[in-house]
Number of protein chains: 2
Amino acid sequence: MPVKGEMIIGRRAVRGSAGTVRAFNPATCAAMEPAFGLATTADVDAACTLAEQAFDTYRNLQPERRARFLETIADHIMATGPLLIERAHDESGLPVARLEGERARTCNQLRLFAGVVRAGHFMAATLDPALPQRIPPRPDLRMRRIPLGPVAVFGASNFPLAFSVAGGDTASALAAGCPVVVKAHGAHLGTAELVGKAVLEAAIACDMPEGVFSMLIGEGRQAGQALVAHPAIKAVGFTGSRQGGMALVQTANARKEPIPVYAEMSSINPFYVLPGALARDAAGIGRGFVDSLTMGVGQFCTNPGLVIGLAGAGLDAFRDAAGEALRTKAAGTMLTAGIHKAYAGAVGKRNGIAGVRLVAQGGETGQGCAARAALYETDAATFLTSPDLEEEIFGPASLVVACRDEADLLAVTRHLEGQLTATVHATGDDRELAATLLPVLERKAGRVLFNGYPTGVEVCHAMVHGGPFPATSDARTTSVGATAIERFLRPVCYQDVPIDLLPEALRDDNPLGLVRMVDGQLRAPQ
Amino acid sequence: MPVKGEMIIGRRAVRGSAGTVRAFNPATCAAMEPAFGLATTADVDAACTLAEQAFDTYRNLQPERRARFLETIADHIMATGPLLIERAHDESGLPVARLEGERARTCNQLRLFAGVVRAGHFMAATLDPALPQRIPPRPDLRMRRIPLGPVAVFGASNFPLAFSVAGGDTASALAAGCPVVVKAHGAHLGTAELVGKAVLEAAIACDMPEGVFSMLIGEGRQAGQALVAHPAIKAVGFTGSRQGGMALVQTANARKEPIPVYAEMSSINPFYVLPGALARDAAGIGRGFVDSLTMGVGQFCTNPGLVIGLAGAGLDAFRDAAGEALRTKAAGTMLTAGIHKAYAGAVGKRNGIAGVRLVAQGGETGQGCAARAALYETDAATFLTSPDLEEEIFGPASLVVACRDEADLLAVTRHLEGQLTATVHATGDDRELAATLLPVLERKAGRVLFNGYPTGVEVCHAMVHGGPFPATSDARTTSVGATAIERFLRPVCYQDVPIDLLPEALRDDNPLGLVRMVDGQLRAPQ
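Residues numbered from 1 in each chain as written. Chains lettered and ligands numbered in written order. Predicted model: local features only at pLDDT ≥ 70, side-chain atom pairs only at ≥ 80, totals over all residues. Heavy atoms only, no water.

In the annotation of an unreviewed UniProt entry, the entry for chain A reads Aldehyde dehydrogenase (NADP(+)), and the organism field reads Telluria mixta.

Looking now at the relation of the copies chain A and chain B. If you rotate chain A by 180° and push it 0.0 Å along the axis, it lands on chain B with an RMSD of 0.0 Å. The two molecules are tied by a two-fold rotation axis, judged by turn and shift. Across chain A, the smallest distance between a C-alpha and the rotation axis is recorded for Asn253(A), namely 4.4 Å. When the interface residues of chain A are mapped onto chain B, 100% of them again lie at the interface, so the same face is used by both copies. (Least-squares fit on C-alpha atoms with pLDDT ≥ 70 in both. Contact = heavy atoms within 4.5 Å.)

Here we take up the environment of Thr106(B). Residue and element names in this part refer to chain B. Mapped onto the secondary structure, Thr106 falls in helix α4 (residues 96-119). Using a relative accessible area of 2% as the deciding quantity, one classes Thr106 as buried. Placed 53 residues apart in sequence, Thr106 and Phe159 show a C-alpha to C-alpha distance of 9.7 Å. (Helix = DSSP H or I, 4+ residues; strand = E, 2+ residues; numbered from the N terminus. Buried < 20%, exposed > 50% of the residue type's maximum accessible area, 1.4 Å probe, protein only.)

Moving on, we get to the sheet that holds strand β23 (residues 521-523) of chain B. With mixed pairing, 12 strands are arranged side by side in an open sheet as β15(A)-β17(A)-β18(A)-β13(A)-β12(A)-β19(A)-β20(A)-β21(B)-β6(B)-β5(B)-β22(B)-β23(B). Among the strands making up the open sheet, the edge pair consists of β15 (357-361) of chain A together with β23 of chain B. Within the sheet, the average angular offset between the axes of one strand and its neighbour, ignoring direction, is 25°. In terms of strand pairing, strand β13 (residues 306-310) of chain A meets strand β18 (residues 397-403) of chain A through five bridges, oriented parallel. In the strand pairing of β18(A), Val307(A) is matched with Val400(A). (Pairing = 2+ DSSP bridges. Axes fitted to C-alpha atoms, helices over the stretch in contact; angles between N-to-C directions.)

This part covers the interface of chain A and chain B. Each partner contributes residues to the interface: chain A has 70 residues there, and chain B has 70 residues. Summed over both sides, the interface of chain A with chain B buries roughly 5,900 Å², with 56% coming from carbon and sulfur. On the chain A side of the contact with chain B, Glu442(A), Arg443(A) and Arg476(A) bury the most area, a combined 13% of that side's loss. Summed over the shared surface of chain A and chain B, the number is 16 salt bridges. Note that Arg134(A) and Glu458(B) form a salt bridge whose closest N and O atoms lie 2.7 Å from each other. Linking chain A to chain B there are 36 residue pairs in polar contact (both at pLDDT 80 or more). Elements supplying a minimum of two residues to the side of chain A that touches chain B: α1 (41-59), β5 (126-128), β6 (141-147), α14 (431-444), β20 (445-450) and β21 (489-495) of chain A. When the residues that make up the side of chain A that touches chain B are grouped by side-chain class, the tally is 35 nonpolar, nine polar and 26 charged. Relative to strand β20 (residues 445-450) of chain B, β21(A) runs parallel, the two being bridged by three bridges. Looking across to β20(B), one finds that Gln495(A) is bridged to Leu449(B). (Buried area = accessible area lost by both parts, 1.4 Å probe. Salt bridge = Lys/Arg side-chain N within 4 Å of Asp/Glu carboxyl O. Polar contact = N/O pair within 3.5 Å; in protein donor to acceptor, adjacent residues only side chain to side chain. Nonpolar A, V, L, I, M, F, W, Y, C, P; charged D, E, K, R; others polar.)

Take a look at the structure:
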């Protein structure tokens, strides 16, 4: 049997001895084979200690070796073949085609970061040459960024590949030069083991120091909290609920040495439909919106959970078309029993809020953890006075807020908490309102998009998958895209350090061929 | 009388009505005229609300206008003439020549940031053009950094000009596009008023929006805590004690929307004297060290409070020369009565620690808040088991730790908390030990310097005045140098945003002439 119920500590695949836990098939509601051994406190300590021991060796490897390691991880993940996809499908209920796409995306992410490592811009190499004749003389000052240290990664339930064991957090931390200790997500334990072993094989094939990667199995919050509290850990990457993220933030802040936590948590992703766009194609936008809302059973961080428009015939047409499209959507299996229960509870609660009306529901739920999509509507006054309506519902539920006028629409916008995305559907006729809205949305969201749908996050250099609290715990960063690497770096200045002790990135002869800032000017390598 | 006891709220100079407080002359121990009115809660709210109202206008000004504003502030500070220097001298006890130098440095900082604004690298403009033929198609994605919002600045007692009202935090926040609300430091209220009015005049001369700058007078922690808790404030810059910094961090973390706090707090700045360097010039290094230790009565963040070397004749010679030099140093007036009292208390406590010996003391203290320099010595075993010896003593006191061997020296180094600086005196003969030490020091400090002295922080592009906790509350940043601006920025991605709504930094025709990253490649403007 290929999945053995093991975790990875350094170069060893081990069965934890602190009890067992099983994966769960949300379509059949059945526990899956095999049982996984849970990590003891000693296991957490062993993984973190190995990571600390690996750190200096790993961070000082030539960039090319780190880049090849990332690429080799991608190769080994691809080599898992259908086995990985089948296990992930059984554990998550996500369709096979989606998981195949997600695996490709995961490997593309690893390869993107290999390119980022080779290009070396992330080091931000900066040289201010000595000015011995100046009064007072200026010393020789050089700066580069170095990695923070071992990083704890908590995967997400909704992306068992792209935001999990070898997902964006792991790829960007390894690219930065940080060893990684993953806490495997309980919603896809077997998937985690298969991917973890692919990373382990890549580490061995590339002769990486032991401890560059470990993966622990834990139940509840205990192992995760012990991981974040461990002195060797210097930063945390997390994707999940607001409650889970904030628990890690609190643990990190209470350490003797507080550490940064990059938690991507909660977002309802406002979706604006302006009058010109509605006049042109209210029905088309309504259908596109429902496709985005129900994709992946609504289990995307960027799921559009809030629609904002001006009350009137256009918004009515949008709502009617969206309602009609929603009714045709079959119920889909959610990722876990817990998520399914939370969704049912949140929808039930929304049904009871005064001033909120149910517009339409999706197909009846079948067996297992299937969820029925739901669309509600309300007015701005109700929205502004019902804090519950601002809470993320993780799943295919959304709410249309009808505003009386533009002032009302801006008041609703200013009232919103931080978001991962804000979407605007507008035509040239909406230019004035869009121009007024854009600077407000910039301050609320990490990504502002026009005439599209927020689900689907491109992995590239300009992507920002982040945003003001509570979308994330650190608005200054992104967890997707090339600049995610910056989360795991800090600058160090070298003053009059002898040439033979200087890091290569800062040597006069620029052996790494970096673009560097010299005396305030960016300089291409000679 | 030029100093009127006023604070600044938007465009108004106002006298607070929540009681009064006076400046204090630490040389004469006399309270100074005039009384300053303290800010009410309504004053704090008014300043923050104006800052919020100014934000969108200010952040969207052409970079050239922001740059000129910074330069105009420098011009107005220079125009304060001897009046500012005399008041700062009376309030701080710092020598006139030092304050003149510090004023020049403050203006240079403002001008450096004007250059940073004009160059525009801080915006990190990034374009990933659409790939309509790809499957699935890639949308048009562009990214820039925008300012976080209004920033609260808490000045430092030890740099009444360069780290205060118009110091590095204010300059970098204004450069980023953030309005600033300063809480004036009680140790130099009159200096703060004069500089605050220079900023106000510059804001008026440059036609800046009202609220781009305010300065509040508060006593104790109340006004400061209210400032950090205000919803309009989106980041905090602070320089001061660990206790004071952590109090602000806690307030910031407890907000409904937590915000980043950049607190530069506590550092003992280890100073390594390796055998080769001691063999060459133990006495010279000892004298240079004492000059650095006693400069500004030891009241520098980068003051060398810890000397680490291998026990033996070389270290003895260093210690004897340092002791001899120290005895010739006259007592100096400290910045405030509180600092003086804390210094006396800390030195008294150190005298009582078993295994610690007093090597030498500086000249007797005279009247007022004068402090006597002190040099102690101990061994590594005592240091490793006495946590009190790792606490910063703010003032001219240092401790020589004699290590038995290199392993002992590395153990002491690994044991240290985070630091702003680490200094190594070494020759070619020390290469092996220096090479072993450097990667350990990189992880402990924001700046590593060789064969120099840590006091004296150059304002340039490669400077890092930061470091791991408790040196700062955020090791990923610096509070001095061009990259200090990055503390006040966050990235925003624009997806398929219509050309006429795109910010200038991201337009196809690149009207700001920025170096931009296009499809992963840095591109100079055409």
